[in-house]
Amino acid sequence: AQRVTQPEKLLSVFKGAPVELKCNYSYSGSPELFWYVQYSRQRLQLLLRHISRESIKGFTADLNKGETSFHLKKPFAQEEDSAMYYCALPYSGGGADGLTFGKGTHLIIQP
Amino acid sequence: DAGVTQSPTHLIKTRGQHVTLRCSPISGHKSVSWYQQVLGQGPQFIFQYYEKEERGRGNFPDRFSARQFPNYSSELNVNALLLGDSALYLCASSLGQPLGEQYFGPGTRLTVT
């Protein structure tokens, strides 16, 4: 069965420090993965997706099929990065848009 | 565009009752997906509707049903409510292209007592 695992419920780092939010997945076939973010009092929104291979707000994520991981990284954390981060992949057997989300990691950037 | 809108914002129901939640997608979006988010968990996929037809369904009982109207708005219906149905219900709209970006609404907070 497909699954997304985000092992850290909470991650706290200091401003300027590197950030890595971990995401591991299990999926039959070639996966496409996403990172969604929810800032305080805002809606859940797409941060980046594997297929576009772009860097958004300084964040990057590399798909490692050998380790079945899609970790989110940023070299220098900023206070505005504090948010809830969810890793997701397509829901197997669902519609074209259906997603399976991990439980999320709450990132706190301390000043 | 106000983005995806959902109503009501929150509501309280009693076990065994029925509830209807509503969602209006972004103008031009033909796909609506519904998710259930229990406290401390990520959103869990319930349904997707595209062009008024169900395109996909998650692992939810038949008590959960939905439909999409000609203007692409959608309703989620839950019958015979259980305490475990208490959650934030999110609606997301998209153009309906595979692996496309989903735009989420603010959610409806349902409490079942």
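The preceding data block contains the structure.
Read on for an overview of the structure. (Residues numbered from 1 in each chain as written. Chains lettered and ligands numbered in written order. Predicted model: local features only at pLDDT ≥ 70, side-chain atom pairs only at ≥ 80, totals over all residues. Heavy atoms only, no water.)

The secondary structure content of chain A amounts to 0 helices and 11 strands. Relative to the 2.2 N^0.38 estimate, which gives 13 Å for 111 residues, the radius of gyration of chain A is 14 Å and therefore close to what a compact globule would have. Its C-alpha atoms give chain A principal-axis dimensions of about 45 × 30 × 25 Å. Sequence-distant contacts, at least 24 apart, represent 58% of the contacts inside chain A between residues at least 6 apart. (Helix = DSSP H or I, 4+ residues; strand = E, 2+ residues; numbered from the N terminus. Rg over C-alpha atoms; globule rule 2.2 N^0.38 Å. Contact = heavy atoms within 4.5 Å.)

All chains considered together, the criterion is met by 2 disulfides over all chains. A sulfur-sulfur separation of 2.0 Å characterises the disulfide bridge that pairs C23 of chain A with C87 of chain A. Taking the torsion about the S-S bond as the criterion, the C23 of chain A to C87 of chain A disulfide, at about -65°, is left-handed. Of this pair, C23 of chain A sits in the loop between β3 (19-21) and β4 (24-26) while C87 of chain A sits in strand β9 (residues 83-90), and the two are 64 residues apart along the sequence. Here C23 of chain A and C87 of chain A have matching classes, each one buried. Covalent S-S linkage joins C23 of chain B and C91 of chain B, the inter-sulfur distance amounting to 1.8 Å. Disulfide C23 of chain B to C91 of chain B: torsion about the S-S bond roughly -60°, handedness left-handed. (Disulfide = S-S within 2.5 Å. Buried < 20%, exposed > 50% of the residue type's maximum accessible area, 1.4 Å probe, protein only.)

Residue and element names in this part refer to chain B. Here strand β7 (residues 64-68) shows one buried face, formed by F64, A66 and Q68, and one open face, formed by S65 and R67. Sheet analysis places β7 next to strand β8 (residues 74-78), joined by 5 bridges and oriented antiparallel. In the strand pairing of β8, A66 is matched with L76. Hairpin connection, β7 to β8: the antiparallel pair is bridged by 5 residues, and Y72 has positive phi, about 75°. (Pairing = 2+ DSSP bridges.)

A separate point is the sheet that holds strand β8 (residues 72-74) of chain A. Residue and element names in this part refer to chain A. Sheet architecture is open: 3 strands sit in the order β3-β8-β7, paired in antiparallel fashion. Each edge of the open sheet is held by one strand with a lone partner, namely β3 and β7 (60-61). Pairing geometry for β3 and β8, over 3 bridges, is antiparallel. Bridging from a neighbouring strand, V19 pairs with K74 of β8.

Treat this as a map of the structure, not an account of what it does.
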